[in-house]
Amino acid sequence: MIRPVLSAPDPRLRLKSLPVTTIDAEIKTLIRDMFDTMYAFQGCGLAAPQVGIHKRVVVMDLDSGEDNLPKSPKAFINPEILKVSTEVVRFQDGCLSVPGDIYEYVERPQEVMFRYMDEHGKSHDVHAQGLLAKCIHHETDHLNGVLFIDYLSRIKREKVSNRLKKYHSSLR
Ligand code: GNR
Ligand code: NI
């Protein structure tokens, strides 16, 4: 089932999500719906708070991507960033919760070590770089109430916020 995606400046996007304690039927339904929603809106990742559920769950499919990274749908439960590189890269970021064709460059660590649980409750440690590292940062930020626009200069952020207002009023 496709769920509606919240968009900025909705205050619910600013709440910190809670860790998942048991992978029950409700979490499995949430993951299935998040995949439906991500594919419907052609995103490469989606975090649960974007559909109004404040649990630490992320889905991703980087199939379209550069690099030879995960070629399949992946669910990440309680993703945790363990270590980041001091080297940074600049990538263009976009977000399903920042609609209206808004893309801006954001600097992020080039490499990341992270840990997550899969749908079966198995823990994994992963070293990532490139597109996967960028998406892991983008999605774990959502779980902490952070959006990519928070990294922009004040001037750019104001420009984005005006474009968001225009976008929302054009839908009314
Ligand atoms: O679909 C998405 N594309 C994207 C492009 C550049 C940087 C990050 C992303 S993630 C985004 C989907 C989304 O908002 N996930 O939270
Ligand atoms: Ni996003």
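Look up: the structure comes first, before these words.
Residues numbered from 1 in each chain as written. Chains lettered and ligands numbered in written order. Predicted model: local features only at pLDDT ≥ 70, side-chain atom pairs only at ≥ 80, totals over all residues. Heavy atoms only, no water.

Asks: Explain the overall build of the protein residue by residue, including any values.
Replies: In terms of regular secondary structure, the protein is built from three helices and seven strands. Along its sequence from the N terminus, the protein presents helices and strands in the succession α-β-β-β-β-β-β-β-α-α. Against the 2.2 N^0.38 benchmark of 16 Å for 172 residues, the protein shows a C-alpha radius of gyration of 16 Å, consistent with a compact globule. Along the longest, intermediate and shortest principal axes, the C-alpha atoms of the protein span 45 × 40 × 30 Å. Considering the protein as a whole, with its 172 residues, one finds that 42% of them fall into the buried category. Across the protein, contacts joining residues at least 24 apart in sequence account for 65% of those joining residues at least 6 apart. Across the protein, the 24 positively charged side chains and the 23 negatively charged ones have centroids separated by 6 Å. (Helix = DSSP H or I, 4+ residues; strand = E, 2+ residues; numbered from the N terminus. Rg over C-alpha atoms; globule rule 2.2 N^0.38 Å. Buried < 20%, exposed > 50% of the residue type's maximum accessible area, 1.4 Å probe, protein only. Contact = heavy atoms within 4.5 Å. Lys, Arg positive; Asp, Glu negative; His and termini not counted. Charge placed at Lys NZ, Arg CZ, Asp CG, Glu CD.)

Asks: Hey, could you go over the nonpolar core for me, with residue numbers and the actual values?
Replies: Met60, Phe76 and Phe114 are the most contacted members of the largest nonpolar core, which has 15 residues in total. Elements that contribute at least two residues to this core include exactly strand E2 (57–60), strand E6 (111–117) and helix H2 (130–143). Counting residues per element, this core draws most heavily on H2, at six residues. Ignoring sequence-local partners within four residues, the contact set of Phe76 consists of Arg56, Val57, Val58, Met60, Phe114, Tyr116, Met117 and Ile136. Counting 14 residues, the second-largest nonpolar core is a separate cluster that includes Phe35, Ala48, Val57 and Val59. (Core = buried A, V, L, I, M, F, W, Y, C linked by side-chain atoms within 4.5 Å.)

Asks: Break down the site of ligand 1 for me, citing the residues and quoting the values.
Replies: The environment of ligand 1 is made up of 13 residues, and the closest members are Cys44, Gln50, Leu96, Glu139 and His142. Interatomic distance of 3.0 Å between a backbone N/O atom of Cys44 and an oxygen atom of ligand 1. Calculation on ligand 1 without its partners gives an accessible area of 380 Å², and the protein chains cover 89% of this total. Those elements that provide at least two residues to the shell around ligand 1 are strand E4 (88–93) and H2. Sort the elements by how many residues they give to the shell around ligand 1 and H2 lands first, with four residues. Grouping the amino acids of the shell around ligand 1 by side-chain chemistry returns three nonpolar, seven polar and three charged. (Near = heavy atom within 4 Å. Polar contact = N/O pair within 3.5 Å; in protein donor to acceptor, adjacent residues only side chain to side chain. Areas by Shrake-Rupley, 256 points an atom, 1.4 Å probe, with all protein chains shown as cover. Nonpolar A, V, L, I, M, F, W, Y, C, P; charged D, E, K, R; others polar.)

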